[in-house]
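Fold and geometry: a report
If you want the building blocks of each chain, they are given just below.
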Amino acid sequence: MQVSHSFIIDNISELITMAPLQKEQRFTRIVADDLGIIKDAWLEIADGKVAACGSGQPPGQKLGIPRIDAARQIVFPGFIDAHCHPIFAGNRAGEFAQKLAGKTYQQIAAAGGGIQSTVRATRNASTSELLELTQTRLQRFLRHGVTTVEAKSGYGLGLDHELRLLQVLRDAAQSTPQEISVTCLALHAVPFDAASKDQFIDQITNELLPEVKRKGLADWVDAFVETGYFTPADCDKYFTKAKDLGLGIRIHADEFLDSGAAAAAANWQAASADHLQMTSDEGAAAMAAAGVVAILLPGTSLYSKIPYTNAARFKAAGCPIAVATDFNPGSCVLDNISLAATLAAVHCGLSGSEALAAVTWVAARSLRLEHRKGALVPGFDADFSLFALGSADEWIADLGRTLPSAVYRRGNRAD
Ligand code: NIG
Ligand code: FE
(Lines give C-alpha, C1' and ligand atoms only; values in the text may rest on other atoms or scores of the structure.)
(Ligands and ions follow the chains in the order given, each with its own letter.)
Protein backbone atom coordinates (compact mmCIF):
# COMPACT_ATOMS: atom_id res chain seq x y z
CA MET A 1 0.00 0.00 0.00
CA GLN A 2 1.33 3.41 -0.93
CA VAL A 3 2.09 5.79 1.91
CA SER A 4 0.25 9.09 1.81
CA HIS A 5 1.83 12.50 1.92
CA SER A 6 0.69 15.00 4.54
CA PHE A 7 -2.65 16.69 4.16
CA ILE A 8 -5.32 18.35 6.21
CA ILE A 9 -9.06 17.77 6.09
CA ASP A 10 -10.66 21.02 7.21
CA ASN A 11 -14.13 22.49 7.53
CA ILE A 12 -15.34 19.36 9.40
CA SER A 13 -18.55 20.06 11.26
CA GLU A 14 -17.92 17.30 13.85
CA LEU A 15 -14.82 15.14 14.23
CA ILE A 16 -15.42 12.06 16.36
CA THR A 17 -12.13 11.19 18.04
CA MET A 18 -12.98 8.78 20.91
CA ALA A 19 -10.04 10.50 22.64
CA PRO A 20 -11.37 10.30 26.25
CA LEU A 21 -11.84 6.53 25.94
CA GLN A 22 -8.44 6.11 24.32
CA LYS A 23 -6.76 8.24 26.96
CA GLU A 24 -8.31 6.29 29.81
CA GLN A 25 -8.11 2.94 28.01
CA ARG A 26 -11.72 2.49 29.01
CA PHE A 27 -14.20 0.23 27.20
CA THR A 28 -17.23 0.39 29.50
CA ARG A 29 -19.64 2.95 31.00
CA ILE A 30 -19.66 4.95 27.76
CA VAL A 31 -21.52 8.28 27.71
CA ALA A 32 -21.82 11.02 25.09
CA ASP A 33 -18.81 13.03 26.36
CA ASP A 34 -16.60 9.99 25.85
CA LEU A 35 -16.88 10.29 22.06
CA GLY A 36 -14.48 13.24 22.12
CA ILE A 37 -16.38 15.21 19.48
CA ILE A 38 -14.54 18.29 18.20
CA LYS A 39 -16.81 20.82 16.47
CA ASP A 40 -15.60 22.96 13.53
CA ALA A 41 -12.58 20.71 13.29
CA TRP A 42 -9.55 19.96 11.18
CA LEU A 43 -7.60 16.70 10.97
CA GLU A 44 -3.99 16.41 9.81
CA ILE A 45 -2.75 13.16 8.32
CA ALA A 46 0.91 12.31 7.74
CA ASP A 47 2.34 9.02 6.51
CA GLY A 48 -0.94 7.22 6.93
CA LYS A 49 -1.35 8.23 10.57
CA VAL A 50 -3.28 10.90 12.39
CA ALA A 51 -0.73 13.68 13.00
CA ALA A 52 -2.88 16.27 14.77
CA CYS A 53 -6.39 17.65 15.05
CA GLY A 54 -8.10 20.66 16.53
CA SER A 55 -10.93 23.13 16.38
CA GLY A 56 -11.17 26.26 14.23
CA GLN A 57 -8.42 27.02 11.73
CA PRO A 58 -5.24 24.90 11.71
CA PRO A 59 -2.30 26.82 13.23
CA GLY A 60 -0.30 29.16 10.94
CA GLN A 61 2.72 26.85 10.57
CA LYS A 62 0.47 24.33 8.79
CA LEU A 63 -0.45 26.81 6.03
CA GLY A 64 1.64 25.06 3.37
CA ILE A 65 0.03 21.63 3.88
CA PRO A 66 -2.49 20.62 1.19
CA ARG A 67 -6.13 20.90 2.23
CA ILE A 68 -9.26 18.89 1.53
CA ASP A 69 -12.53 20.68 2.28
CA ALA A 70 -14.92 18.41 4.22
CA ALA A 71 -17.75 20.84 3.39
CA ARG A 72 -19.21 20.59 6.91
CA GLN A 73 -19.45 16.80 6.86
CA ILE A 74 -18.93 14.58 9.92
CA VAL A 75 -15.74 12.53 10.22
CA PHE A 76 -16.10 9.15 11.91
CA PRO A 77 -13.30 6.71 12.79
CA GLY A 78 -13.30 3.86 10.27
CA PHE A 79 -15.90 1.34 11.33
CA ILE A 80 -14.68 -2.07 12.46
CA ASP A 81 -16.78 -5.16 11.71
CA ALA A 82 -15.51 -7.58 14.36
CA HIS A 83 -17.60 -10.61 13.31
CA CYS A 84 -18.44 -11.73 9.81
CA HIS A 85 -18.30 -14.71 7.47
CA PRO A 86 -17.50 -13.28 4.01
CA ILE A 87 -16.06 -16.39 2.33
CA PHE A 88 -18.61 -18.84 0.95
CA ALA A 89 -20.33 -19.84 -2.25
CA GLY A 90 -23.98 -20.58 -2.94
CA ASN A 91 -27.15 -18.96 -1.77
CA ARG A 92 -29.60 -19.86 0.99
CA ALA A 93 -32.36 -17.37 0.26
CA GLY A 94 -34.75 -20.32 0.10
CA GLU A 95 -34.15 -20.88 3.81
CA PHE A 96 -35.51 -17.43 4.53
CA ALA A 97 -38.82 -18.41 3.00
CA GLN A 98 -38.81 -21.46 5.26
CA LYS A 99 -38.15 -19.23 8.29
CA LEU A 100 -41.07 -17.02 7.28
CA ALA A 101 -43.19 -20.16 7.17
CA GLY A 102 -42.22 -20.91 10.78
CA LYS A 103 -39.25 -23.31 10.49
CA THR A 104 -36.44 -22.85 12.99
CA TYR A 105 -32.71 -22.64 12.22
CA GLN A 106 -32.31 -26.13 13.71
CA GLN A 107 -35.17 -27.64 11.67
CA ILE A 108 -33.74 -26.20 8.46
CA ALA A 109 -30.29 -27.57 9.31
CA ALA A 110 -31.71 -31.01 10.15
CA ALA A 111 -33.40 -31.11 6.73
CA GLY A 112 -30.05 -30.66 4.94
CA GLY A 113 -29.89 -26.87 4.86
CA GLY A 114 -27.86 -24.67 7.17
CA ILE A 115 -24.09 -24.65 7.40
CA GLN A 116 -23.70 -28.03 5.62
CA SER A 117 -25.36 -26.77 2.47
CA THR A 118 -22.98 -23.82 2.30
CA VAL A 119 -20.07 -26.19 2.94
CA ARG A 120 -21.06 -28.23 -0.12
CA ALA A 121 -21.36 -25.15 -2.34
CA THR A 122 -18.10 -23.70 -1.03
CA ARG A 123 -16.11 -26.88 -1.51
CA ASN A 124 -17.40 -27.06 -5.10
CA ALA A 125 -16.36 -23.48 -5.91
CA SER A 126 -13.02 -22.72 -7.51
CA THR A 127 -10.42 -20.78 -5.57
CA SER A 128 -10.61 -17.84 -7.97
CA GLU A 129 -14.40 -17.77 -7.66
CA LEU A 130 -14.13 -17.70 -3.86
CA LEU A 131 -11.59 -14.90 -4.01
CA GLU A 132 -13.81 -12.85 -6.27
CA LEU A 133 -16.90 -13.43 -4.13
CA THR A 134 -14.99 -12.44 -1.00
CA GLN A 135 -13.54 -9.30 -2.59
CA THR A 136 -16.97 -8.21 -3.79
CA ARG A 137 -18.40 -8.60 -0.29
CA LEU A 138 -15.53 -6.72 1.31
CA GLN A 139 -16.13 -3.88 -1.16
CA ARG A 140 -19.72 -3.72 0.00
CA PHE A 141 -18.56 -3.41 3.64
CA LEU A 142 -16.24 -0.62 2.53
CA ARG A 143 -19.15 1.28 0.99
CA HIS A 144 -20.62 1.44 4.49
CA GLY A 145 -17.42 2.88 5.96
CA VAL A 146 -15.90 -0.36 7.29
CA THR A 147 -12.10 -0.11 7.17
CA THR A 148 -11.26 -3.17 9.30
CA VAL A 149 -12.93 -6.57 9.00
CA GLU A 150 -12.67 -9.70 11.10
CA ALA A 151 -13.26 -12.46 8.56
CA LYS A 152 -13.97 -16.07 9.47
CA SER A 153 -13.44 -19.28 7.53
CA GLY A 154 -15.77 -22.11 8.56
CA TYR A 155 -17.45 -23.26 5.35
CA GLY A 156 -14.64 -25.65 4.36
CA LEU A 157 -14.58 -27.87 7.46
CA GLY A 158 -11.77 -30.33 6.99
CA LEU A 159 -8.04 -29.89 6.81
CA ASP A 160 -7.41 -28.91 3.21
CA HIS A 161 -10.76 -27.19 2.78
CA GLU A 162 -10.20 -24.84 5.70
CA LEU A 163 -6.58 -24.18 4.69
CA ARG A 164 -7.83 -23.17 1.23
CA LEU A 165 -10.36 -20.70 2.65
CA LEU A 166 -7.87 -19.18 5.06
CA GLN A 167 -5.37 -18.73 2.24
CA VAL A 168 -8.04 -17.00 0.14
CA LEU A 169 -8.81 -14.68 3.06
CA ARG A 170 -5.12 -13.82 3.34
CA ASP A 171 -5.01 -13.23 -0.44
CA ALA A 172 -8.14 -11.07 -0.27
CA ALA A 173 -6.43 -9.00 2.42
CA GLN A 174 -3.69 -8.17 -0.11
CA SER A 175 -6.12 -6.96 -2.72
CA THR A 176 -8.77 -5.06 -0.76
CA PRO A 177 -8.28 -1.67 0.85
CA GLN A 178 -9.35 -2.90 4.28
CA GLU A 179 -7.31 -4.42 7.05
CA ILE A 180 -8.46 -8.01 7.54
CA SER A 181 -8.10 -9.93 10.79
CA VAL A 182 -8.48 -13.61 9.90
CA THR A 183 -10.24 -16.19 12.08
CA CYS A 184 -10.09 -19.95 11.66
CA LEU A 185 -13.64 -21.11 12.44
CA ALA A 186 -12.84 -24.80 11.97
CA LEU A 187 -15.31 -25.96 14.62
CA HIS A 188 -18.36 -24.45 12.91
CA ALA A 189 -20.12 -27.80 12.45
CA VAL A 190 -19.10 -31.44 12.09
CA PRO A 191 -18.93 -31.87 8.30
CA PHE A 192 -21.11 -34.44 6.58
CA ASP A 193 -18.06 -36.49 5.54
CA ALA A 194 -16.40 -36.72 8.98
CA ALA A 195 -15.94 -40.22 10.41
CA SER A 196 -17.00 -39.00 13.86
CA LYS A 197 -17.17 -35.80 15.86
CA ASP A 198 -14.21 -36.82 18.04
CA GLN A 199 -12.07 -37.73 15.10
CA PHE A 200 -12.92 -34.43 13.40
CA ILE A 201 -12.04 -32.40 16.49
CA ASP A 202 -8.77 -34.33 16.88
CA GLN A 203 -7.78 -33.71 13.29
CA ILE A 204 -8.58 -30.01 13.49
CA THR A 205 -6.73 -29.67 16.78
CA ASN A 206 -3.67 -31.73 16.02
CA GLU A 207 -3.21 -31.17 12.30
CA LEU A 208 -5.01 -28.04 11.15
CA LEU A 209 -4.13 -25.60 13.95
CA PRO A 210 -0.35 -26.22 13.84
CA GLU A 211 -0.43 -25.81 10.05
CA VAL A 212 -2.46 -22.60 10.33
CA LYS A 213 0.13 -21.29 12.76
CA ARG A 214 3.11 -22.44 10.69
CA LYS A 215 1.77 -20.72 7.58
CA GLY A 216 0.57 -17.62 9.44
CA LEU A 217 -2.92 -18.08 8.01
CA ALA A 218 -5.01 -16.83 10.94
CA ASP A 219 -4.89 -14.50 13.91
CA TRP A 220 -7.79 -16.11 15.78
CA VAL A 221 -9.67 -19.38 16.23
CA ASP A 222 -13.41 -19.65 16.80
CA ALA A 223 -16.00 -22.36 17.50
CA PHE A 224 -19.79 -22.56 17.36
CA VAL A 225 -20.37 -23.47 21.02
CA GLU A 226 -24.02 -24.36 20.87
CA THR A 227 -26.33 -27.27 21.63
CA GLY A 228 -26.29 -29.54 18.57
CA TYR A 229 -22.89 -28.23 17.41
CA PHE A 230 -20.03 -28.18 19.96
CA THR A 231 -20.17 -28.24 23.77
CA PRO A 232 -17.62 -26.37 25.88
CA ALA A 233 -16.06 -29.77 26.68
CA ASP A 234 -15.78 -30.59 22.95
CA CYS A 235 -13.75 -27.42 22.44
CA ASP A 236 -11.35 -27.72 25.34
CA LYS A 237 -8.49 -29.42 23.46
CA TYR A 238 -8.99 -27.15 20.46
CA PHE A 239 -8.82 -23.89 22.40
CA THR A 240 -6.02 -25.13 24.64
CA LYS A 241 -4.02 -25.97 21.52
CA ALA A 242 -4.84 -22.58 19.99
CA LYS A 243 -3.61 -20.85 23.11
CA ASP A 244 -0.40 -22.89 23.16
CA LEU A 245 0.20 -21.83 19.57
CA GLY A 246 -0.37 -18.17 20.41
CA LEU A 247 -3.63 -17.85 18.47
CA GLY A 248 -6.35 -15.68 20.02
CA ILE A 249 -9.82 -17.01 20.85
CA ARG A 250 -13.26 -15.79 19.78
CA ILE A 251 -16.46 -17.77 20.40
CA HIS A 252 -19.98 -18.11 18.98
CA ALA A 253 -21.72 -18.30 22.33
CA ASP A 254 -25.25 -19.08 23.59
CA GLU A 255 -27.06 -18.00 20.42
CA PHE A 256 -30.03 -20.39 20.63
CA LEU A 257 -29.66 -21.98 24.07
CA ASP A 258 -27.49 -21.32 27.11
CA SER A 259 -24.85 -24.01 26.93
CA GLY A 260 -22.46 -22.29 29.33
CA ALA A 261 -20.44 -20.87 26.44
CA ALA A 262 -20.03 -17.42 28.01
CA ALA A 263 -18.47 -18.83 31.17
CA ALA A 264 -16.32 -21.12 29.02
CA ALA A 265 -15.17 -18.07 27.02
CA ALA A 266 -14.06 -16.50 30.29
CA ASN A 267 -12.17 -19.66 31.27
CA TRP A 268 -10.37 -19.76 27.94
CA GLN A 269 -9.65 -16.02 28.19
CA ALA A 270 -11.31 -15.41 24.87
CA ALA A 271 -11.00 -11.94 23.37
CA SER A 272 -14.70 -12.00 22.55
CA ALA A 273 -17.86 -14.01 23.02
CA ASP A 274 -20.41 -13.24 20.33
CA HIS A 275 -24.23 -13.55 19.97
CA LEU A 276 -25.07 -14.15 23.68
CA GLN A 277 -28.86 -14.07 23.32
CA MET A 278 -29.32 -16.76 25.97
CA THR A 279 -26.42 -16.02 28.29
CA SER A 280 -27.18 -15.94 32.03
CA ASP A 281 -26.19 -13.20 34.49
CA GLU A 282 -23.54 -15.57 35.82
CA GLY A 283 -22.11 -16.03 32.33
CA ALA A 284 -21.99 -12.27 31.82
CA ALA A 285 -20.29 -11.78 35.20
CA ALA A 286 -17.65 -14.37 34.32
CA MET A 287 -17.02 -12.62 31.00
CA ALA A 288 -16.67 -9.23 32.69
CA ALA A 289 -14.21 -10.59 35.25
CA ALA A 290 -12.08 -12.03 32.43
CA GLY A 291 -12.33 -8.89 30.25
CA VAL A 292 -14.11 -10.74 27.44
CA VAL A 293 -15.78 -8.36 24.96
CA ALA A 294 -19.47 -9.09 24.36
CA ILE A 295 -20.17 -8.77 20.64
CA LEU A 296 -23.84 -8.20 19.84
CA LEU A 297 -25.10 -9.35 16.44
CA PRO A 298 -28.63 -7.99 16.22
CA GLY A 299 -28.90 -8.55 12.46
CA THR A 300 -29.01 -12.29 13.19
CA SER A 301 -31.91 -11.87 15.60
CA LEU A 302 -33.80 -9.87 12.98
CA TYR A 303 -33.09 -12.20 10.07
CA SER A 304 -33.40 -15.49 11.95
CA LYS A 305 -36.39 -14.48 14.03
CA ILE A 306 -34.73 -15.21 17.38
CA PRO A 307 -34.57 -13.04 20.53
CA TYR A 308 -32.26 -10.05 20.75
CA THR A 309 -29.37 -10.00 23.20
CA ASN A 310 -30.14 -7.98 26.33
CA ALA A 311 -27.32 -5.43 26.55
CA ALA A 312 -28.40 -4.38 30.07
CA ARG A 313 -27.18 -7.72 31.40
CA PHE A 314 -23.68 -7.11 30.01
CA LYS A 315 -23.61 -3.44 31.02
CA ALA A 316 -24.60 -4.33 34.58
CA ALA A 317 -21.86 -6.96 34.68
CA GLY A 318 -19.27 -4.49 33.35
CA CYS A 319 -18.52 -6.13 29.98
CA PRO A 320 -17.20 -4.07 27.07
CA ILE A 321 -19.82 -4.23 24.30
CA ALA A 322 -19.11 -4.27 20.57
CA VAL A 323 -21.58 -4.64 17.68
CA ALA A 324 -20.92 -6.42 14.38
CA THR A 325 -22.89 -7.59 11.35
CA ASP A 326 -22.42 -11.41 11.43
CA PHE A 327 -22.75 -11.24 7.65
CA ASN A 328 -23.16 -14.87 6.45
CA PRO A 329 -25.30 -16.75 3.93
CA GLY A 330 -27.77 -18.28 6.35
CA SER A 331 -28.56 -16.62 9.63
CA CYS A 332 -27.89 -12.99 8.62
CA VAL A 333 -27.13 -11.40 5.25
CA LEU A 334 -26.64 -7.90 6.70
CA ASP A 335 -23.56 -6.01 5.50
CA ASN A 336 -24.56 -2.55 6.75
CA ILE A 337 -22.73 -1.91 10.02
CA SER A 338 -24.58 1.35 10.73
CA LEU A 339 -27.87 -0.50 10.49
CA ALA A 340 -26.47 -3.17 12.86
CA ALA A 341 -25.66 -0.36 15.30
CA THR A 342 -29.18 1.06 15.12
CA LEU A 343 -30.68 -2.42 15.62
CA ALA A 344 -28.45 -2.83 18.69
CA ALA A 345 -29.70 0.49 20.02
CA VAL A 346 -33.38 -0.22 19.39
CA HIS A 347 -33.54 -3.90 20.27
CA CYS A 348 -30.60 -4.64 22.58
CA GLY A 349 -30.73 -1.39 24.53
CA LEU A 350 -27.57 0.56 23.67
CA SER A 351 -27.49 4.36 23.63
CA GLY A 352 -26.33 6.07 20.44
CA SER A 353 -22.94 6.76 22.06
CA GLU A 354 -22.55 3.16 23.18
CA ALA A 355 -23.50 1.93 19.71
CA LEU A 356 -20.96 4.21 18.02
CA ALA A 357 -18.19 3.11 20.37
CA ALA A 358 -19.32 -0.48 19.77
CA VAL A 359 -18.44 -0.35 16.05
CA THR A 360 -15.19 1.59 16.55
CA TRP A 361 -13.26 1.73 19.81
CA VAL A 362 -14.64 -1.38 21.55
CA ALA A 363 -14.60 -3.38 18.30
CA ALA A 364 -10.90 -2.47 17.99
CA ARG A 365 -10.35 -3.74 21.53
CA SER A 366 -12.01 -7.05 20.66
CA LEU A 367 -9.42 -7.47 17.90
CA ARG A 368 -6.57 -6.23 20.14
CA LEU A 369 -6.10 -3.30 17.76
CA GLU A 370 -6.87 -0.55 20.28
CA HIS A 371 -3.26 0.71 20.10
CA ARG A 372 -3.83 1.97 16.55
CA LYS A 373 -7.48 1.68 15.52
CA GLY A 374 -10.95 2.65 16.71
CA ALA A 375 -10.06 6.27 17.59
CA LEU A 376 -8.73 9.32 15.73
CA VAL A 377 -5.87 10.48 17.93
CA PRO A 378 -2.26 11.30 17.02
CA GLY A 379 -0.28 8.21 16.05
CA PHE A 380 -3.34 6.11 15.18
CA ASP A 381 -4.01 4.75 11.69
CA ALA A 382 -5.74 7.42 9.58
CA ASP A 383 -8.82 5.24 8.95
CA PHE A 384 -11.93 7.40 8.71
CA SER A 385 -15.05 8.23 6.71
CA LEU A 386 -16.88 11.42 5.81
CA PHE A 387 -20.65 11.38 6.20
CA ALA A 388 -23.01 14.11 5.06
CA LEU A 389 -25.08 14.05 8.25
CA GLY A 390 -26.22 17.12 10.18
CA SER A 391 -24.59 15.94 13.43
CA ALA A 392 -23.04 12.81 14.90
CA ASP A 393 -26.35 12.20 16.71
CA GLU A 394 -28.08 11.71 13.37
CA TRP A 395 -26.04 8.61 12.61
CA ILE A 396 -27.87 6.29 15.01
CA ALA A 397 -31.26 7.71 13.94
CA ASP A 398 -30.48 7.24 10.25
CA LEU A 399 -31.06 3.46 10.06
CA GLY A 400 -27.93 3.04 7.99
CA ARG A 401 -29.32 4.93 4.98
CA THR A 402 -26.46 7.39 4.51
CA LEU A 403 -23.33 5.99 2.87
CA PRO A 404 -20.06 7.81 3.45
CA SER A 405 -19.02 10.21 0.70
CA ALA A 406 -15.38 9.17 1.16
CA VAL A 407 -13.54 6.41 3.02
CA TYR A 408 -9.83 6.57 3.91
CA ARG A 409 -7.59 3.82 5.16
CA ARG A 410 -4.14 4.76 6.44
CA GLY A 411 -4.54 8.16 4.86
CA ASN A 412 -5.37 6.86 1.38
CA ARG A 413 -8.72 7.04 -0.34
CA ALA A 414 -10.03 3.49 -0.13
CA ASP A 415 -13.36 3.77 -1.92
O1 NIG B 1 -22.87 -16.67 13.26
N2 NIG B 1 -23.91 -19.41 14.36
C3 NIG B 1 -23.09 -19.91 13.62
N4 NIG B 1 -22.63 -19.39 12.51
C5 NIG B 1 -23.29 -18.37 11.77
C6 NIG B 1 -24.36 -18.93 10.93
C7 NIG B 1 -23.85 -19.90 10.01
C8 NIG B 1 -24.80 -20.32 8.95
O9 NIG B 1 -25.99 -20.51 9.22
O10 NIG B 1 -24.29 -20.47 7.84
C11 NIG B 1 -23.74 -17.29 12.68
O12 NIG B 1 -24.93 -17.03 12.87
FE1 FE C 1 -21.23 -15.77 13.13
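Quick caveat, the model's predicted, so the values are computed rather than measured.

Parameters at a glance
Residues numbered from 1 in each chain as written. Chains lettered and ligands numbered in written order. Predicted model: local features only at pLDDT ≥ 70, side-chain atom pairs only at ≥ 80, totals over all residues. Heavy atoms only, no water. Axes fitted to C-alpha atoms, helices over the stretch in contact; angles between N-to-C directions. Helix = DSSP H or I, 4+ residues; strand = E, 2+ residues; numbered from the N terminus. Parallel < 35°, antiparallel > 145°, perpendicular 65-115°, else oblique. Left-handed = near helix turned anticlockwise from the far one by under 90°. Contact = heavy atoms within 4.5 Å. Nonpolar A, V, L, I, M, F, W, Y, C, P; charged D, E, K, R; others polar. Donors = N, O, S within 2.8 Å, 3.2 Å for Na, K, Ca; no water. Buried < 20%, exposed > 50% of the residue type's maximum accessible area, 1.4 Å probe, protein only. Near = heavy atom within 4 Å. Polar contact = N/O pair within 3.5 Å; in protein donor to acceptor, adjacent residues only side chain to side chain. Areas by Shrake-Rupley, 256 points an atom, 1.4 Å probe, with all protein chains shown as cover. 1 Å grid on protein atoms, 1.4 Å probe; cavity = no way out; pocket = protein on both sides within 12 Å on 5 of 7 lines; lining within 4 Å. Points joined across faces, edges and corners; volume = space filled by probe spheres on them. Pairing = 2+ DSSP bridges. Right-handed = clockwise from strand over helix to strand, strands pointing away. Phe/Tyr/Trp six-rings, centres within 6.5 Å; stacked < 30°, edge-to-face > 60°. Lys NZ or Arg CZ within 6 Å of the ring centre and 35° of its normal. Expected span 1.5 Å × (residues − 1). Arc of directions from axis to C-beta.

Here we take up the packing of helix 6 (residues 159–175) against helix 7 (residues 197–215). The contact between helix 6 and helix 7 brings their axes to 10 Å, and the two run at 30°. The angle between helix 6 and helix 7 falls in the class roughly parallel. Taken as a pair, helix 6 and helix 7 cross one another with a handedness that is right-handed. Counting all contacts with helix 6, which are made through Leu 159, Glu 162, Leu 163 and Leu 166, the residues of helix 7 involved are Gln 203, Glu 207, Leu 208, Glu 211 and Val 212. For the contact of helix 6 with helix 7, the residue count by class is five nonpolar, one polar and three charged.

Once that is clear, we can look at the coordination of the iron ion (ligand 2). Around the iron ion (ligand 2), the protein contributes the donor atoms His 83 (NE2), His 85 (NE2), His 252 (NE2) and Asp 326 (OD), which lie 2.1 to 2.2 Å from the metal centre. Read in sequence order, the donor residues coordinating the iron ion (ligand 2) give the pattern H-x1-H-x166-H-x73-D. Here His 85, found in the loop between strand 6 (79–84) and helix 2 (93–100), pairs with Asp 326, found in the loop between strand 13 (321–323) and helix 13 (337–348); they are 241 residues apart in sequence, far enough to count as distant. Just as His 85 is buried, Asp 326 falls in that class too.

In this fold, Thr 118 is placed in helix 4 (residues 115–124). If sequence neighbours within four positions are ignored, Thr 118 has contacts with Phe 88, Ala 89, Arg 92, Tyr 155 and Pro 329.

A few words on the site of ligand 1. Inspection of the region around ligand 1 gives 14 residues, with Arg 92, Tyr 105, Tyr 155, His 188 and Ser 331 positioned closest. Between an oxygen atom of ligand 1 and a side-chain N or O atom of His 85, the distance comes to 3.3 Å. The side chain of His 275 places a nitrogen or oxygen atom 3.0 Å from an oxygen atom of ligand 1. Contact with the protein chains hides 100% of the accessible area of ligand 1, taken as 320 Å² for the molecule alone. Along the lines of polarity and charge, the residues of the shell around ligand 1 split into four nonpolar, seven polar and three charged.

Evaluated as defined, the whole model comprises three cavities of 30 Å³ or more. Of the volumes computed, that of the largest cavity is approximately 100 Å³. Contributing to the lining of the largest cavity are 13 residues, with His 85, Tyr 105, His 188, Asn 328 and Ser 331 lying nearest its centre. If you trace the second largest cavity, you find it lined by Gly 78, Ile 80, Thr 147, Thr 148, Lys 373, Gly 374, Ala 375, Leu 376, Asp 381 and Asp 383. Of the residues in the lining of the second largest cavity, the class split is three nonpolar, four polar and three charged.

Most of strand 9 (residues 220–225) is tucked away, with six of its six residues classed as buried. A two-sided burial pattern is seen for strand 9, the buried positions comprising Trp 220, Asp 222 and Phe 224 on one face and Val 221, Ala 223 and Val 225 on the other. By the bridge criterion, three bridges tie strand 8 (residues 179–187) to strand 9 in an arrangement that is parallel. Across the sheet, Leu 187 pairs through a bridge with Ala 223, a residue of strand 9. Note on the crossover from strand 8 through helix 7 to strand 9: the handedness is right-handed. Note: strand 9 against strand 10 (residues 248–253), six bridges, orientation parallel. Note on strand 10: the bridge partner recorded for Ala 223 is Ile 251.

Taken as a whole and assessed by the stated rule, the structure comprises 16 aromatic pairs. Between the aromatic rings of Phe 239 and Trp 268, the centroid separation amounts to 4.7 Å while the plane-to-plane angle is 50°, which identifies the pairing as tilted. Remark: Trp 268 occurs in the loop between helix 9 (261–267) and strand 11 (272–275) and Phe 239 occurs in helix 8 (residues 232–245); sequence separation between them is 29 residues. The pair formed by Phe 239 and Trp 268 is uniform in burial state, with each residue classed as buried. An aromatic cluster is present here, built from Phe 76, Phe 79, Phe 387 and Trp 395 joined pairwise through their rings. Here the basic side chain of Arg 137 rests over the ring of Phe 88, its NZ or CZ set 3.6 Å away from the ring centre. Of note, Arg 365 hangs over the ring of Phe 27, and the distance from its end group to the ring centre comes to 5.4 Å.

On to the pairing of strand 7 (residues 146–152). Most of strand 7 sits inside the fold, with seven of its seven residues counted as buried. Pairing geometry for strand 6 and strand 7, over four bridges, is parallel. Bridge pairing in strand 7 places Ile 80 opposite Thr 148. The pairing of strand 7 with strand 8 spans five bridges and is parallel. Within strand 8, the residue paired with Lys 152 across the bridge is Thr 183.

We now examine helix 5 (residues 127–143). Between its first and last C-alpha, helix 5 extends 25 Å over 17 residues, near the 24 Å set by a 1.5 Å rise per residue. When we look at burial in helix 5, the residues that qualify are Leu 130, Thr 134, Arg 137, Leu 138, Phe 141 and Leu 142. Taken around the axis of helix 5, the buried residues stretch over an arc of 150°, which confines them to a single face. The exposed residues of helix 5 that point more than 90 degrees off its buried face are Ser 128 and Glu 132. Elements that come into contact with the buried residues of helix 5 comprise strand 6, helix 4, strand 7, helix 6, strand 8 and strand 15 (406–409). The first or second residue beyond helix 5 is Gly 145, which carries a positive phi of 90°.

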